[in-house]
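# Fold and geometry: a report
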Amino acid sequence: MLRHFVHLLFAAALAAATATAQPVIVRTSTLIDGRGHVLKNKELTIENGRITGIGDAHQKPSIDLSGLTVMPGWIDTHIHATWYFNAEERLEQGGRGSKSTPQQAALYAAANLYATLMGGFTTVQSVGAELDADLRARIAGGTIPGPRVLTSLRQVNENTGDPARIRAYVQKMKSDSADLVKIFATASIRDGGKMTMTPEQLNAACGEAKAQGLRTLVHAHSSDGARASVEAGCTTIEHGTFLDDATLELMARRGTFFDPNFLVLHNYLDNKPKFLGIGNYTEEGFAAMEKGLPLVAQVLRRARAHNVKVVLGTDGVAGAHGHNAEEFIYRVKEGGDQPMDAITSGTSVAAESLGMGGQIGSIAEGLQADLVAVQGDPLADITAVRHVAFVMKGGKIYKYAPR
Ligand SMILES: [Zn+2]
């Protein structure tokens with residue numbers, strides 16, 4: 001009797017396992033694989049959240065994305081998930097001095113991440129706030145919808161302390177579950193972008209991060225700040241507004257990733273009244289950002305000429321969440337990128353910079369089933385990235401709005 005019952009249980013368990021392993025077939029007519037290739041008339045087999053096959057289309061599809069352009073879920077390597085405009089349409093970052101309650105701030109952040117996912121981004125790196133850890137956990141647990149979140153939790157800057165203090169601070173970040181270390185090697189562009197941390201401080205921050213197995217993302221506008229960071233072994237340079245060719249050449253040689261951000265500057269300028277008068281968001285600060293835009297366009301062109309590995313990050317703050325894909329458009333229209341290069345920056349190269357190239361950022365066997373499909377052909381007209389019709393993350397559909 002007991003044996004019979006055990007058999008029944010076993011049969012039921014087997015049936016359940018078979019049910020979850022039932023493959024999903026996704027039909028595509030145009031597929032950009034994230035590694036620079038266009039594939040025609042393929043079908044993807046998806047099992048247990050992963051891509052297990054790519055072949056010529058011949059089966060009856062579970063999901064038919066014919067007519068759309070299918071890409072790997074996009075990756076934004078630099079956002080600030082917790083920044084929002086409050087009820088008075090002014091910038092807030094939660095925390096002290098906010099008019100919103102902590103509960104409201106948390107909901108704004110969750111809404112930001114939901115908008116980002118609906119905009120086609122299935123992975124983001126938030127750099128970062130304490131709340132990110134909870135958002136990361138809830139999203140990973142499937143209880144709130146959003147992109148996969150990586151976070152630095154906090155930042156290292158010139159005031160963090162001497163090298164010994166910085167090392168202890170980085171160790172604490174690691175034990176508090178940070179995915180990376182965010183470092184400010186220079187001032188904000190609104191304050192001139194000059195180097196602020198010493199080489200000794202940068203060596204401590206990047207060196208300790210490496211010892212802890214953490215990547216480093218360095219905010220740097222000026223060449224001296226960036227150069228010292230690259231020499232300290234950092235993973236990625238953000239912004240890079242004033243980088244000279246020698247620094248770009250060094251980055252190419254060292255394999256340092258580069259993330260010039262256009263959306264952040266446009267977003268500030270487009271939403272000026274919502275920021276003006278807060279901290280360094282002064283008239284002078286806005287003038288500096290306006291002057292920065294053509295410099296960013298120029299540095300991206302020079303970085304490409306030097307074969308620097310370019311990733312896609314928006315530095316998305318309040319107002320930018322959900323519009324992250326505008327970065328692709330600015331990269332092409334202002335920075336002179338080929339559409340395919342911009343897409344690769346936001347997929348496989350971004351994944352590589354996160355140390356996740358074997359999991360996300362490409363449509364390939366064994367990788368997470370993270371897909372975005374858009375109406376139109378982004379290789380012919382990059383603004384097609386605005387028309388997201390389908391979003392899948394880890395095999396789960398979050399958006400399906402075919403025409
Ligand atoms: Zn930032």
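Quick notes on the rules
- Residues numbered from 1 in each chain as written.
- Predicted model: local features only at pLDDT ≥ 70, side-chain atom pairs only at ≥ 80, totals over all residues.
- Helix = DSSP H or I, 4+ residues; strand = E, 2+ residues; numbered from the N terminus.
- Rg over C-alpha atoms; globule rule 2.2 N^0.38 Å.
- Buried ≥ 20, exposed ≤ 12 C-beta atoms within 10 Å, placed from the backbone.
- Contact = placed C-beta atoms within 7 Å.
- Core = buried A, V, L, I, M, F, W, Y, C linked by C-beta atoms within 7 Å.
- Domains from an automatic or database assignment.
- Nonpolar A, V, L, I, M, F, W, Y, C, P; charged D, E, K, R; others polar.
- Expected span 1.5 Å × (residues − 1).
- Arc of directions from axis to C-beta.
- Axes fitted to C-alpha atoms, helices over the stretch in contact; angles between N-to-C directions.
- Parallel < 35°, antiparallel > 145°, perpendicular 65-115°, else oblique.
- Left-handed = near helix turned anticlockwise from the far one by under 90°.
- Pairing = 2+ DSSP bridges.

### Quick look at the overall build of the chain
Scanning the chain from N- to C-terminus turns up 13 helices and 21 strands. Taking 22 Å as the expected radius of gyration for a compact globule of 403 residues, we find that the chain reaches 22 Å, a close match to that expectation. For the C-alpha atoms alone, the extent of the chain along its principal axes is close to 75 × 55 × 45 Å. Counting across all 403 residues of the chain, residues that qualify as buried make up 49%. Residue pairs in contact within the chain that sit at least 24 positions apart in sequence constitute 67% of those at least 6 positions apart.

### Examining the nonpolar core
Counting 113 residues, the largest nonpolar core has Val181, Ala185, Ala205, Val372, Ala373 and Phe390 as the members making the most contacts within it. Leave out the neighbours within four places in its chain, and valine 372 touches Met71, Gly73, Trp74, Gly120, Val388, Phe390 and Val391.

### Focus: the environment of isoleucine 329
With respect to the helices and strands, isoleucine 329 occurs in helix α11 (residues 326-333). Under the C-beta neighbour-count criterion, isoleucine 329 is labelled buried, with 22 such atoms within 10 Å. Between the C-alpha atoms of isoleucine 329 and alanine 87, which are 242 residues apart in sequence, the distance is 30 Å. The residues touching isoleucine 329, leaving out its near neighbours within four places in the chain, are Ile382, Thr383 and Val385.

### Focus on the domain arrangement of the chain
A common way to state how big an interface is: give the accessible area lost once the parts meet. For the chain, the assigned domains are domain 1 (13-71 + 362-400) and domain 2 (74-353). Measuring from the centre of the C-alpha atoms in domain 1 to the corresponding centre in domain 2 gives 29 Å. Contact with domain 1, which involves 19 residues of that partner, is made by 19 residues of domain 2. Taken together, the elements giving at least two residues each to the side of domain 1 that touches domain 2 come down to β20 (388-393) and β21 (396-400). Looking at the side of domain 1 that touches domain 2, the element that brings in the most residues is β20, giving three residues. Among the residues making up the side of domain 1 that touches domain 2, the classes are represented as ten nonpolar, four polar and five charged.

### So, the environment of leucine 243
Take leucine 243: it is sitting in the loop between β16 (236-239) and α7 (245-254). The sequence separation of leucine 243 and aspartate 224 amounts to 19 residues, and the corresponding C-alpha distance is 8.5 Å. Other than its neighbours up to four places away in sequence, leucine 243 contacts Ser223, Ala226, Leu248 and Val299.

### Notes on helix α4 (residues 163-175)
Here α4 spans 19 Å end to end across 13 residues, near enough to the 18 Å set by a 1.5 Å rise per residue. The complete set of buried residues in α4 reads Ile166, Val170 and Met173. Buried positions in α4, seen along its axis, are confined to an arc of 55 degrees and lie on one side of it. Turned more than 90 degrees away from the buried face of α4 sit Ala164, Lys172 and Ser175, all of them exposed. Looking at the packing, one finds that the buried side of α4 touches β13 (155-156), β14 (180-184) and α5 (199-211). Looking one or two residues beyond α4, the residue adopting positive phi is serine 177, at roughly 80 degrees.

### Some points on the packing of α4 against α5
Here α4 crosses α5 at 25 degrees, and the two axes come no closer than 9 Å. Between α4 and α5, the angle is such that the two are roughly parallel. Once α4 is placed against α5, the crossing between them reads as right-handed. In this structure, α4 uses Pro163, Ile166, Arg167, Val170 and Gln171 to contact α5, whose residues at the interface are Glu200, Gln201, Ala204, Ala205, Glu208 and Ala209. Classifying every residue of the contact of α4 with α5 gives six nonpolar, two polar and three charged.

### A few points about the sheet that holds strand β5 (residues 50-56)
The strand order across the open sheet formed by four strands is β5-β4-β1-β6, and the pairing between neighbours is mixed. Pairing within the sheet leaves two strands with one partner each, and these edge strands are β5 and β6 (63-64). In the sheet, strand β4 (residues 42-47) pairs with β5 via six bridges, with the strands oriented antiparallel. Counterpart to glutamate 47 in the pairing with β5 is arginine 50.

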